[in-house]
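# Survey of secondary and tertiary structure
Letter by letter, the chains look like this.
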Amino acid sequence: GNSVTQMEGPVTLSEEAFLTINCTYTATGYPSLFWYVQYPGEGLQLLLKATKADDKGSNKGFEATYRKETTSFHLEKGSVQVSDSAVYFCALSDRGGATNKLIFGTGTLLAVQP
Amino acid sequence: EAQVTQNPRYLITVTGKKLTVTCSQNMNHEYMSWYRQDPGLGLRQIYYSMNVEVTDKGDVPEGYKVSRKEKRNFPLILESPSPNQTSLYFCASRSRTAQYGYTFGSGTRLTVV
């Protein structure tokens, strides 16, 4: 079945460091891919998305490229800030699926230190 | 403001005492879902609804019920809660035509003792 695997955390970085959070997926067909962010005590917010191969999603300095050949959707940011500290979830949605659900990775906690 | 509203935010209850977590969205979305979030497991879908009076099981439906009598509301019912249902619950909705992911509520932290 469809699944998402993302790197385990926590990831601890200093402010202005480069961030990569790895995400790979297994899916039939052509899923849409997402990164969601969960700040402490809050719900999930859509950070960025990509709906087809080679699409690049971007938002708030974060980027991720839909790589069908490597089934990956790694999240990157060139210079993290303390305010980026949160849990990041990679997810896929099977656009043709009857269950209409998002399949999530286990989440990666990012802690950015001043 | 477009949003998904869940209530309550926090709930502590005892085993076996029926409870309902409410969810309401003001975006006229067709699709609504309930997820639970547990450490090391990410989010897992409990139930989903594709429109009024159309609901179906997700990956972990045991011990839960839902109903969709109105388009805006999608309550989650625990008829006889047990400690293994202690979790963080999220309601989410999206438009039928949107492939851009769900809008999530702020979550309900449930503790069953």
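Above this note sits the structure.
Residues numbered from 1 in each chain as written. Chains lettered and ligands numbered in written order. Predicted model: local features only at pLDDT ≥ 70, side-chain atom pairs only at ≥ 80, totals over all residues. Heavy atoms only, no water.

### Some words on the overall build of chain A
A count of helical and extended segments in chain A gives zero helices and twelve strands. Shown N-terminal to C-terminal, the secondary structure of chain A runs as helices and strands in the order β-β-β-β-β-β-β-β-β-β-β-β. A principal-axis box enclosing the C-alpha atoms of chain A has dimensions of 45 × 30 × 20 Å. When contacts within chain A are restricted to residue pairs at least 6 apart in sequence, long-range pairs at least 24 apart make up 57% of them. Summed over all atoms, the accessible surface of chain A reaches about 5,200 Å², with 48% contributed by carbon and sulfur. The averaged location of the 11 negative side-chain charges in chain A is 9 Å from the averaged location of its 9 positive side-chain charges. (Helix = DSSP H or I, 4+ residues; strand = E, 2+ residues; numbered from the N terminus. Contact = heavy atoms within 4.5 Å. Areas by Shrake-Rupley, 256 points an atom, 1.4 Å probe, with all protein chains shown as cover. Lys, Arg positive; Asp, Glu negative; His and termini not counted. Charge placed at Lys NZ, Arg CZ, Asp CG, Glu CD.)

### Quick notes on the overall build of chain B
When you go through chain B residue by residue, the secondary structure sums to zero helices and eleven strands. In chain B, the order of α-helices and β-strands from amino to carboxyl end is β-β-β-β-β-β-β-β-β-β-β. Over its C-alpha trace chain B gives a radius of gyration of 13 Å, about what one expects of a compact globule, namely 13 Å for 113 residues. Expressed along its principal axes, the backbone C-alpha trace of chain B runs to roughly 40 × 30 × 25 Å. (Rg over C-alpha atoms; globule rule 2.2 N^0.38 Å.)

### Overview of the state of the cysteines
Counting across every chain of the model gives two disulfides over all chains. The residue that forms a disulfide with Cys23(A) is Cys90(A), at a sulfur-sulfur distance of 1.9 Å. A torsion of -70° about the S-S bond marks the disulfide between Cys23(A) and Cys90(A) as left-handed. In this pair, Cys23(A) sits in strand 4 (residues 23-26) while Cys90(A) sits in strand 10 (residues 86-93), placing the two residues 67 residues apart along the sequence. Judged by relative accessible area, which is 0%, Cys23(A) ranks as buried. What makes Cys90(A) buried here is its relative accessible area of 1%. There is a disulfide in this structure between Cys23(B) and Cys91(B), and the S-S distance comes to 1.9 Å. Note on the Cys23(B) and Cys91(B) pair: the S-S dihedral is about -75°, so by sign convention the disulfide is left-handed. Of this pair, Cys23(B) sits in strand 3 (residues 19-25) while Cys91(B) sits in strand 9 (residues 87-94); the two residues are 68 residues apart in sequence, bridging distant segments of the chain. For the pair shown, Cys23(B) and Cys91(B) are each scored as buried. (Disulfide = S-S within 2.5 Å. Buried < 20%, exposed > 50% of the residue type's maximum accessible area, 1.4 Å probe, protein only.)

### Describing a nonpolar patch on the surface
Residue and element names in this part refer to chain B. Where nonpolar side chains cluster on the molecular surface, the patch consists of Ile12, Val14 and Val113 and spans about 310 Å² of accessible area. Considering the arrangement of structural elements, one finds Val14 in the loop between strand 2 (10-13) and strand 3. Residue Val14 is classed as partly exposed on the basis of its relative accessible area of 45%. (Patch = residues over 30% accessible without salt bridge, like charges linked within 9 Å, V, L, I, M, F, W, Y side chains within 5 Å. Salt bridge = Lys/Arg side-chain N within 4 Å of Asp/Glu carboxyl O.)

### Focus on the sheet that holds strand 9 (residues 75-77) of chain A
Residues and elements named next belong to chain A. Pairing is antiparallel in the open sheet, where four strands are placed in the order 3-9-8-7. Pairing within the sheet leaves two strands with one partner each, and these edge strands are strand 3 (19-21) and strand 7 (56-59). For this sheet, the mean angle separating the axes of adjacent strands, direction not counted, is 15°. Pairing of strand 7 with strand 8 (residues 62-65), which is carried by four bridges, proceeds in the antiparallel orientation. Bridging from a neighbouring strand, Gly57 pairs with Ala64 of strand 8. (Pairing = 2+ DSSP bridges. Axes fitted to C-alpha atoms, helices over the stretch in contact; angles between N-to-C directions.)

### Quick word on the sheet that holds strand 7 (residues 65-66) of chain B
Strands in a sheet are paired, the pairing made by backbone hydrogen bonds, and the direction either parallel or antiparallel. Ordered in space as 1-3-8-7 (chain B), the four strands form an open sheet in which the pairing is antiparallel. The sheet terminates laterally at strand 1 (4-7) and strand 7 of chain B, the two strands that pair on one side only.

### Considering the side chain of Ser93(B)
Locating Ser93(B) in the fold gives a position in strand 9. Not counting residues within four places of it along the chain, the set of residues in contact with Ser93(B) comprises Val4(B), Gln25(B), Met27(B), His29(B), Tyr31(B), Met32(B), Tyr102(B) and Thr103(B).

### Some remarks on the interface of chain A and chain B
Facing 21 residues of chain A, the contacting portion of chain B comprises 23 residues. A buried area of about 1,700 Å², summed over both sides, lies between chain A and chain B, and 53% of it is on carbon and sulfur atoms. Where chain A touches chain B, the interface holds four residue pairs in polar contact (both at pLDDT 80 or more). At the level of elements, strand 5 (32-38), strand 6 (44-50) and strand 11 (102-104) of chain A are the ones that each hand at least two residues to the side of chain A that touches chain B. Sort the elements by how many residues they give to the side of chain A that touches chain B and strand 5 of chain A lands first, with four residues. Looking at the side of chain A that touches chain B residue by residue, the class counts come to eight nonpolar, nine polar and four charged. (Buried area = accessible area lost by both parts, 1.4 Å probe. Polar contact = N/O pair within 3.5 Å; in protein donor to acceptor, adjacent residues only side chain to side chain. Nonpolar A, V, L, I, M, F, W, Y, C, P; charged D, E, K, R; others polar.)

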